[in-house]
Amino acid sequence: EAGVVQSPRYKIIEKKQPVAFWCNPISGHNTLYWYLQNLGQGPELLIRYENEEAVDDSQLPKDRFSAERLKGVDSTLKIQPAELGDSAVYLCASSTSGREQETQYFGPGTRLLVL
Amino acid sequence: AQSVTQLGSHVSVSEGALVLLRCNYSSSVPPYLFWYVQYPNQGLQLLLKYTSAATLVKGINGFEAEFKKSETSFHLTKPSAHMSDAAEYFCAVSYSSGGYNKLIFGAGTRLAVHP
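Residues numbered from 1 in each chain as written. Chains lettered and ligands numbered in written order. Predicted model: local features only at pLDDT ≥ 70, side-chain atom pairs only at ≥ 80, totals over all residues. Heavy atoms only, no water.

Asks: Account for the overall build of chain A, naming residues and giving values.
Replies: The helix and strand tally for chain A stands at 0 helices and 11 strands. Helices (α) and strands (β) of chain A occur, in sequence order from the N terminus, as β-β-β-β-β-β-β-β-β-β-β. For 115 residues, the compact-globule estimate of 2.2 N^0.38 gives 13 Å, and chain A sits close to it at 13 Å. Along the first, second and third principal axes, the C-alpha set of chain A runs to 40 × 25 × 25 Å. Within chain A, the proportion of its 115 residues that are buried is 49%. Taking the intrachain contacts of chain A between residues at least 6 apart in sequence as the baseline, contacts between residues at least 24 apart amount to 54%. Accessible surface, chain A as shown: approximately 5700 Å² in total, 49% of it carbon and sulfur. Side-chain charges in chain A split into 12 positive and 15 negative, and the spacing between the mean points of these groups amounts to 7 Å. (Helix = DSSP H or I, 4+ residues; strand = E, 2+ residues; numbered from the N terminus. Rg over C-alpha atoms; globule rule 2.2 N^0.38 Å. Buried < 20%, exposed > 50% of the residue type's maximum accessible area, 1.4 Å probe, protein only. Contact = heavy atoms within 4.5 Å. Areas by Shrake-Rupley, 256 points an atom, 1.4 Å probe, with all protein chains shown as cover. Lys, Arg positive; Asp, Glu negative; His and termini not counted. Charge placed at Lys NZ, Arg CZ, Asp CG, Glu CD.)

Pasting the structure below:
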């Protein structure tokens with residue numbers, strides 16, 4: 001079974017430029033998460049989807065970040081415009097459902113460097 | 001609020017020695033607890049999880065963790081370290097908030113294994 005796929009793996013951009021990350025979850029997983037991981041820290045949730053509905057986006061900086069999950073499968077996270085402080089790893093995860101005991105399966109992440 | 005504290009951002013052991021990574025949680029309800037491992041430039045991989053069944057949980061790669069409610073701890077151990085165990089380890093607590101679950105990670109512990 002294929003795991004969570006993310007692309008690109010690495011991205012270098014100049015500040016004020018837009019950037020987008022793509023995630024393909026494990027087949028059949030209804031719940032999809034985007035996390036932000038700063039250097040030396042644990043992941044922090046940005047947004048969570050149940051199928052195509054964003055059910056928790058309270059930590060998403062909506063002035064510059066946006067996300068979508070069309071058809072309830074793949075998802076895209078966008079930053080426009082990027083700032084220096086956005087340099088981090090962006091992780092996508094999926095699970096079969098959103099129950100507390102469900103295991104979240106993580107992709108390899110996209111490492112973003114903003115210059 | 002729920003939280004996770006991992007004591008020791010860096011732990012160094014000799015190959016063959018006992019590995020002990022500490023995790024304490026704060027939760028107002030019975031928690032679900034997870035340990036994840038992250039190898040360089042990779043996503044997080046589940047080592048083991050506690051879901052209110054047995055208090056001693058066995059995971060992959062010879063790791064195990066014991067849930068101690070009285071101490072609010074969920075420490076990770078392995079009897080004999082291998083060089084391949086060198087990685088970052090994250091403890092996480094999952095709980096329900098507003099009808100949806102949240103996974104809160106600790107800051108992580110970087111394990112170094114030397115010959």
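Okay, back to it.
Asks: How would you summarise unusual backbone geometry if you had to cite specific residues and measurements?
Replies: Cis rather than trans, the peptide bond between A:Ser7 and A:Pro8 has omega equal to -5°. Within the element layout of this structure, A:Pro8 appears in the loop between strand E1 (5-7) and strand E2 (10-13). A cis amide bond, omega -5°, links A:Gln80 with the succeeding residue A:Pro81. Within the element layout of this structure, A:Pro81 appears in the loop between strand E8 (75-79) and strand E9 (88-95). Notably, B:Thr72 is not glycine yet its phi reads approximately 45°, a positive angle. Relative to the elements of secondary structure, B:Thr72 occurs in the loop between strand E8 (64-68) and strand E9 (73-78). The partly exposed category is assigned to B:Thr72, whose relative accessible area is 31%.

Asks: Pulling in residues and values, what's your account of the state of the cysteines?
Replies: All names here are of chain B. Enumeration over the complete set of coordinates arrives at 2 disulfides over all chains. Cys23 shares a disulfide with Cys91; S-S distance 2.0 Å. When the S-S torsion is -65°, as for the bridge of Cys23 with Cys91, the disulfide is left-handed. With Cys23 in the loop between strand E3 (19-21) and strand E4 (24-26) and Cys91 in strand E10 (residues 87-97), this residue pair connects regions lying 68 residues apart in the sequence. Across the pair, Cys91 and Cys23 agree in class, each one buried. (Disulfide = S-S within 2.5 Å.)

Asks: Please give an account of the interface of chain B and chain A that cites residues and values.
Replies: With 22 residues of chain B at the interface, the matching set in chain A holds 26 residues. When the buried area of chain B at its contact with chain A is split by residue, B:Asn41, B:Tyr100 and B:Asn101 rank highest and sum to 30% of it. For the salt bridge of A:Asp56 with B:Lys102, the shortest nitrogen-to-oxygen distance reads 2.4 Å. On inspection of chain B and its partner chain A, the count reaches 6 residue pairs in polar contact (both at pLDDT 80 or more). Sorting the residues of the side of chain B that touches chain A by element identifies strand E5 (32-38), strand E6 (44-50), E10 and strand E11 (100-105) of chain B as the ones contributing at least two each. The element best represented in the side of chain B that touches chain A is E11(B), accounting for 5 residues. Each residue belonging to the side of chain B that touches chain A can be placed in one class, and the counts come to 11 nonpolar, 9 polar and 2 charged. (Buried area = accessible area lost by both parts, 1.4 Å probe. Salt bridge = Lys/Arg side-chain N within 4 Å of Asp/Glu carboxyl O. Polar contact = N/O pair within 3.5 Å; in protein donor to acceptor, adjacent residues only side chain to side chain. Nonpolar A, V, L, I, M, F, W, Y, C, P; charged D, E, K, R; others polar.)

What is shown is where atoms sit, not what they do.
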